[in-house]
Amino acid sequence: MSQTTWLLLAAHIRMLKDPGAISGWLATTARRESIRLAKRRGLEILVDPQDPGADRADADAVDGEDLVLRIELQERVRSAFLQLPEHCRRLLSLLMEDPPPSYAEVSTTLGIPRGSIGPTRARCLARLREVVER
């Protein structure tokens, strides 16, 4: 699930409008991927038959669990992002602006060749992934 989430981020990073939105986007994508996998695997939720509320869905428990997982993931991504080198933070932040700048604008702003933007972004995302998964 984690690898799929990061691959989806790499594929959609230019669509993210706000640099601060990356953690929320990752959390939402991870949650949706988890749900998709759970449905595909046919996972069941066990309940106590003696529990008076066992015959109805416990939406609050699922939402609470999702909230905790989302907050944990947001904190991990935020912390990992702050551990990246300055050039990675600047590049990734710039590429997540709305609307995203052209590579020519990124090149001028950061003073790096246009041809190195994509490979540098890939290395920065790989480094971010490594730090998050530690």
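Residues numbered from 1 in each chain as written. Predicted model: local features only at pLDDT ≥ 70, side-chain atom pairs only at ≥ 80, totals over all residues. Heavy atoms only, no water.

Q: Please explain the packing of helix α4 (residues 86-95) against helix α5 (residues 103-110) as it appears in this structure.
A: Packed helix pairs are characterised by how far apart their axes lie and by the angle those axes make with each other. Contact geometry of α4 with α5 gives a least axis separation of 11 Å together with a crossing angle of 145 degrees. Considering how the two elements wind past one another, α4 and α5 form a crossing that is right-handed. Contacts between α4 and α5 involve R90, L91, L94 and L95 from the former and Y103, V106, T109 and L110 from the latter. Grouping the amino acids of the contact of α4 with α5 by side-chain chemistry returns six nonpolar, one polar and one charged. (Axes fitted to C-alpha atoms, helices over the stretch in contact; angles between N-to-C directions. Helix = DSSP H or I, 4+ residues; strand = E, 2+ residues; numbered from the N terminus. Left-handed = near helix turned anticlockwise from the far one by under 90°. Contact = heavy atoms within 4.5 Å. Nonpolar A, V, L, I, M, F, W, Y, C, P; charged D, E, K, R; others polar.)

Q: How should the confidence of the model for the protein be read in this particular structure?
A: Keep in mind that low pLDDT regions are not for reading the predicted coordinates in detail. Scored by pLDDT, the protein has a mean of 78; 75% of the residues are at 70 or more. A low-confidence stretch, residues 56-62 (pLDDT under 50), is modelled with zero contacts involving residues beyond four sequence positions or located in other chains. (pLDDT = per-residue confidence, 0-100.)

Q: Before we go on, may I ask you to explain the pattern of salt bridges in this structure?
A: Any two side chains of opposite charge can pair, on the condition that their charged atoms come close. All chains considered together, the criterion is met by two salt bridges. One salt bridge in this structure joins E75 and R78, with 2.7 Å as the shortest N-O distance. One end of the pair is E75 and the other is R78, both in helix α3 (residues 59-83) and three residues apart, which spans about a single turn. On the basis of relative accessibility, which here comes to 41%, the residue R78 falls in the partly exposed class. For R89, the salt bridge is made with E86, and the minimal N-O distance between the two is 2.4 Å. Of this pair, R89 and E86 both sit in helix α4, three residues apart, roughly one helical turn. (Salt bridge = Lys/Arg side-chain N within 4 Å of Asp/Glu carboxyl O. Buried < 20%, exposed > 50% of the residue type's maximum accessible area, 1.4 Å probe, protein only.)

Q: Would you mind showing me how to read the nonpolar core here?
A: Within soluble globular proteins, side chains that are nonpolar tend to cluster in buried spots. Membership of the largest hydrophobic core comes to 21 residues, with the highest contact counts inside it found for W6, L9, I22, L26, V77, L92 and L128. Those elements that provide at least two residues to this core are α1 (2-12), α2 (22-41), α3, α4 and α6 (114-133). The dominant element in this core, judged by the number of residues it contributes, is α6, at five residues. Ignoring anything within four residues of it in the chain, the contact list for V77 reads W6, I22, S23, L26, L128 and V132. Within the second largest apolar cluster, six residues are counted, among which are L91, L94, L95 and V106. (Core = buried A, V, L, I, M, F, W, Y, C linked by side-chain atoms within 4.5 Å.)

Q: Help me understand α4 in this model?
A: Since the α-helix turns once every 3.6 residues, residues separated by three or four places project in the same direction. Along α4, the residues classified as buried are C88, L91, L92, L94 and L95. In an axial view of α4, the angular spread of the buried residues amounts to 160 degrees, which keeps them on one side of the axis. (Arc of directions from axis to C-beta.)

Q: Is there a simple way to think about the environment of L16 in this case?
A: Secondary-structure assignment places L16 in the loop between α1 and α2. By relative accessible area, which is 7% here, L16 ends up buried. It is 5.2 Å that separates the C-alpha atoms of L16 and M96, two residues lying 80 residues apart in sequence. In this structure L16 touches L9, I22, W25, L95, M96 and E97, once residues within four positions along its chain are discounted.

Q: Looking at this structure, how should I read the state of the cysteines?
A: Note on terminology: a disulfide is the covalent bond linking the sulfur atoms of two cysteines. What the rule picks out here adds up to one disulfide. The partner cysteine of C88 in its disulfide is C124, sulfur to sulfur 2.2 Å. Torsion about the S-S bond of the C88 and C124 cystine: about -75 degrees, corresponding to left-handed handedness. Of this pair, C88 sits in helix α4 while C124 sits in helix α6; the two residues are 36 residues apart in sequence, bridging distant segments of the chain. Take C88: its relative accessible area is 3%, and that puts it in the buried class. (Disulfide = S-S within 2.5 Å.)

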